[in-house]
Amino acid sequence: MNAIAPAIVILGAGALDTARRIQARYPGAQVHGLSGRVDADVAYTELNAHLRDLYRRGTPLVALCAAGIVIRCLAPLLADKGTEPPVLAVAEDGSAVVPLLGGLAGVNRMAREIADALDVTPAITTSGELRFGTCVLNPPDGYALSSLAQGKRFVSDLLAGESTRIEGEAPWLDNAQLPRSADARLAIRVTPQAWNGSTDELLIHPRSVVAAIGDLDEDIAGHVQGALSANGIATLALAALLAPVERAGEAALTEAAATLGVALRFVATPATASEARKPHALISTAMRVPHEILAGDTPVALALARAPVDPSSVGQARGRLCVIGLGPGDARLLVPAAREALDAATDVLGYETYVTMAGPFRADQRVHGTDNREEMQRARHAFELAAGGASVVMVSSGDPGVFAMAAAVLEALHESGNARWASVELEILPGVSAAMATAAQAGAPLGHDFCMLSLSDNLKPWDVIENRLRHAASADLVMAFYNPVSRARPWQLDRALDIVREFRAPETTVVLGRDVGRPGGAVRHTSLGELRSDMVDMRTMVIIGSSLTRAFSVDGKVEWVYTPRWYRPL
Ligand code: SAH
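Let us look at the structure shown here. (Residues numbered from 1 in each chain as written. Predicted model: local features only at pLDDT ≥ 70, side-chain atom pairs only at ≥ 80, totals over all residues. Heavy atoms only, no water.)

**Concerning the pairing of strand E2 (residues 30–34)**
Here is step 1: Of all the 5 residues making up E2, 4 are buried; the element is thus mostly covered by neighbouring parts of the structure.
Here is step 2: When strand E1 (residues 7–10) meets E2, the two strands line up parallel, connected through 4 bridges. In the strand pairing of E2, Ile-8 is matched with Val-31.
Here is step 3: The handedness of the E1 to E2 crossover, carried by helix H1 (residues 16–23), is right-handed. (Buried < 20%, exposed > 50% of the residue type's maximum accessible area, 1.4 Å probe, protein only. Helix = DSSP H or I, 4+ residues; strand = E, 2+ residues; numbered from the N terminus. Pairing = 2+ DSSP bridges. Right-handed = clockwise from strand over helix to strand, strands pointing away.)

**A closer look at the site of the ligand**
Here is step 1: The immediate surroundings of the ligand are formed by 20 residues, with Val-402, Ser-433, Ala-434, Met-538 and Thr-540 found nearest.
Here is step 2: Ser-397 is positioned such that a nitrogen or oxygen atom in its backbone is 2.9 Å from a nitrogen atom of the ligand.
Here is step 3: A distance of 2.7 Å separates a nitrogen atom of the ligand from a polar atom in the backbone of Val-402.
Here is step 4: Look at the ligand: alone it shows 550 Å² of surface, and the protein chains cover 94% of it.
Here is step 5: Looking at the shell around the ligand, its residues break down into 10 nonpolar, 6 polar and 4 charged.
Here is step 6: When residues of the shell around the ligand are sorted by domain, at least three fall in each of domain 4 (320–432) and domain 5 (435–562). (Near = heavy atom within 4 Å. Polar contact = N/O pair within 3.5 Å; in protein donor to acceptor, adjacent residues only side chain to side chain. Areas by Shrake-Rupley, 256 points an atom, 1.4 Å probe, with all protein chains shown as cover. Nonpolar A, V, L, I, M, F, W, Y, C, P; charged D, E, K, R; others polar. Domains from an automatic or database assignment.)

**Remarks on the packing of H1 against helix H4 (residues 107–118)**
When two helices pack together, their arrangement is given by the angle between their axes and by how far apart the axes lie.
Here is step 1: Axis separation between H1 and H4 bottoms out at 9 Å; the angle between their running directions is 120°. In terms of orientation, H1 and H4 fall into the oblique class. As for how H1 packs across H4, the hand of that crossing is right-handed. Listed contacts from H4 to Thr-18, Arg-21 and Ile-22 of H1 are Ile-114, Ala-117 and Leu-118. (Axes fitted to C-alpha atoms, helices over the stretch in contact; angles between N-to-C directions. Parallel < 35°, antiparallel > 145°, perpendicular 65-115°, else oblique. Left-handed = near helix turned anticlockwise from the far one by under 90°. Contact = heavy atoms within 4.5 Å.)

Geometric descriptors of this kind do not, in isolation, establish any biological role.
Here is the structure:
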């Protein structure tokens, strides 16, 4: 029932082996290691704070440490039993698997899965589960328990010796050791119908109903609930809310789906044909399983399938386009949100070199590497994929907004006027730009006002560059030069330096960062007088200091460059 990948938390290298075996069982799971003690996928600094943080976020927890540690740590947070994630303690050597919390979130199932992966017997302590071989209150994905309170009464009646009938399709109970009898007072009833008032039943709803809306934009959840109850269907039997894809960006839809507790899915419809946007037409376009239409057309159509409907099989998700920067190259300088976006991506786009840097990727992720020059085309391709429901990540180096893809992506969207593109969930995540990465290694040359300039005249005329250089140099701004030279632009840097030298003394501090954060990368210091263009190439960041930028060395060894926070006019 829990789609979120668990966090596998370890304290030391001794647990790493067991952690990796558990990880192999759960796609997307990460091993969290105590910083300084063990290198894993995610580093944390304090166990208690980290466990609590994960628990509060609802992340399933597999802690490879003493059960007591976990209990003591989470005890203050155990107020609401209904919503807790599964929490398990596992012995470091893999010899014991102890489900602790999250009975209704499938902790016993996880315990069995992990125990199976480790080839041991799980320490299951739930009496109903031990007796019947399954937790009847925790039906599998695609089914929902109608009422927990009623369910608990039902299980204690069974434990007290009563038997039960099963009405409806409950394939997961086929092998359960339930005391069954055809004329039992108690019944497990599996049906999309709402509760009929009977107290002798354990009512379980298959999530087998899809509700579609067309242009309805007021009180969406209320209308859907109205249609369900008019047809005697339980709200918990709803699997998905379906709407035209152009509406994917509307907050009212997200809210309605959250209120109803279901997935939100979309259908592409021909924009002109109003018939095709009618709710029942959306259903016939999007639903691939046999179903019966329960409610007509205004304003909600309901489709009832014979078995639970997997929401991901209905229409498409809202597409997503996330524009990220990889930072200079060092994986530690990639922001965690960008890492998450890469992990969640179905499609990754970008210049070959950067896409390779962002990998490795899973077999289910499509990678579209392209030539560096085709920026606008690549941006449009990203929108096309996302509009079809993909989760696309566009990769740049450094920061995506600094001489990189974010602006191209926005320009493509701005120019297109395409409603499907506009409905894509667009996010731009910052990255560590080459100027920041170079500056940090040198010290703090950007400690006061500075500007970033690209010396490439591919996308702007050279006289604009000269004019900007003059103004920046005369304003005594520190300058960070991106794209300083290339084979196709051999003379531009010398010309730029000539201009800067008109305004700044030969002693002016200069920092050169080449391949910063990448293998073989280096940062060195020189002066404007000594700087020659053959010290610089396309993979270099050039930082020209202001009149106040200075360098000093500690013990004659480490040399630091900084620009003070204050400014004294020359
Ligand atoms: N979006 C990128 C910049 C792209 S422009 C960023 O924010 O960093 C490409 C230029 O950035 C290169 O010509 C070089 O001047 C600089 N650059 C990019 N990565 C670099 C690195 N690791 N080390 C030094 N300079 C780099």
